[in-house]
Amino acid sequence: LQPGENCSNAIALTFAGNVASATGDTTTAFNDNASADPSPSCSSSAKTDGRDLVYSYTLTAAADVNITLTPTSPPAPTTYAPGLYVRSVCADTSLPNQLACVASFSSAPQTALFSNQQPGTYFVWVDSTGATAGPFSLTITRNPPSIAPT
């Protein structure tokens, strides 16, 4: 299996300063969801035939977090329609475990935002919608929390 193919070999991203990033390609990935899974809730096609890769990041302190998934080329123009969701437990598909889910049937970047995300490890699923697949860039930015910790 390629790195990131499932939860057992999720790709751990490391922050350099306040940014963690990666590039990848879902073309040769497998679909690790089942059509009956509650998550991802934002795309039924991601569940049934979306090729996905799994990344993780760890916060050691509360932070505002911005996660952006951007399709890249080739081909130009890209035909990859990405889906992005974040879980607190990698393989748990229950809706309370899904912290964010964004998808569209276009090649537009997808973004998930968290205010005051608490310390811990989180799992970012880079998925595909509408039976598409392709190369992408993933960027996670952390900033001081907008809500002061109590």
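Residues numbered from 1 in each chain as written. Predicted model: local features only at pLDDT ≥ 70, side-chain atom pairs only at ≥ 80, totals over all residues. Heavy atoms only, no water.

A. Seen up close, the nonpolar core. The biggest cluster of nonpolar side chains holds 25 residues, and the ones touching the most others in it are Tyr55, Tyr57, Ile67, Val124, Leu138 and Ile140. At the level of secondary structure, the elements contributing two or more residues to this core comprise strand 2 (19-25), strand 3 (53-59), strand 4 (63-71), strand 5 (82-87), strand 7 (110-117), strand 8 (120-128) and strand 9 (135-143). Residues Val54, Tyr85, Cys90 and Phe123 belong to the second largest nonpolar core, which totals six residues. (Core = buried A, V, L, I, M, F, W, Y, C linked by side-chain atoms within 4.5 Å. Buried < 20%, exposed > 50% of the residue type's maximum accessible area, 1.4 Å probe, protein only. Helix = DSSP H or I, 4+ residues; strand = E, 2+ residues; numbered from the N terminus.)

B. The sheet that holds strand 9, seen in detail. The sheet built from four strands is open, its strands ordered 2-9-4-7 with antiparallel pairing. The open sheet is flanked by strand 2 and strand 7, the only strands paired with a single partner. The sheet shows a mean angle of 10 degrees between the axes of neighbouring strands, direction not considered. Where strand 2 lies against strand 9, seven bridges are found, and the strand directions are antiparallel. Each bridged residue has a counterpart across the sheet, and for Ser21 the counterpart in strand 9 is Thr139. (Pairing = 2+ DSSP bridges. Axes fitted to C-alpha atoms, helices over the stretch in contact; angles between N-to-C directions.)

C. Spotlight on the side chain of Thr129. Structurally, Thr129 can be placed in the loop between strand 8 and strand 9. In this structure the side chain of Thr129 is engaged in a polar contact, spanning 3.0 Å, whose partner is the backbone oxygen of Ser104. The residues contacting Thr129, other than those within four sequence positions of it, are Ser43, Ser45, Ala81, Pro82, Gly83, Ala103, Ser104 and Phe105. (Polar contact = N/O pair within 3.5 Å; in protein donor to acceptor, adjacent residues only side chain to side chain. Contact = heavy atoms within 4.5 Å.)

D. Structural detail: unusual backbone geometry. Note that the residue after Ser39, namely Pro40, is joined by a cis bond; omega there is 15 degrees. The phi angle at Asn116 is positive, at roughly 55 degrees, despite the residue not being glycine. Here Asn116 shows up in strand 7. Accessibility expressed as a relative area gives 18% for Asn116, which makes it buried. One non-glycine residue, Ala131, adopts positive backbone phi at about 60 degrees. Along the chain, the position of Ala131 falls in the loop between strand 8 and strand 9.

E. View of the packing of aromatic side chains. Counted under the stated rule, the structure contains four aromatic pairs. Relative to Trp125, the ring of Tyr85 lies with its centre 5.6 Å away and its plane at 15 degrees, an arrangement referred to as stacked. Here Tyr85, found in strand 5, pairs with Trp125, found in strand 8; they are 40 residues apart in sequence, far enough to count as distant. Joined through ring pairs, the aromatic side chains of Phe15, Tyr57 and Tyr122 make up one cluster. Note that Arg87 overlies the ring of Trp125, its terminal NZ or CZ placed 4.5 Å from the centroid. Lying over the aromatic face of Phe15, Arg142 brings its terminal NZ or CZ to 4.2 Å of the ring centre. (Phe/Tyr/Trp six-rings, centres within 6.5 Å; stacked < 30°, edge-to-face > 60°. Lys NZ or Arg CZ within 6 Å of the ring centre and 35° of its normal.)

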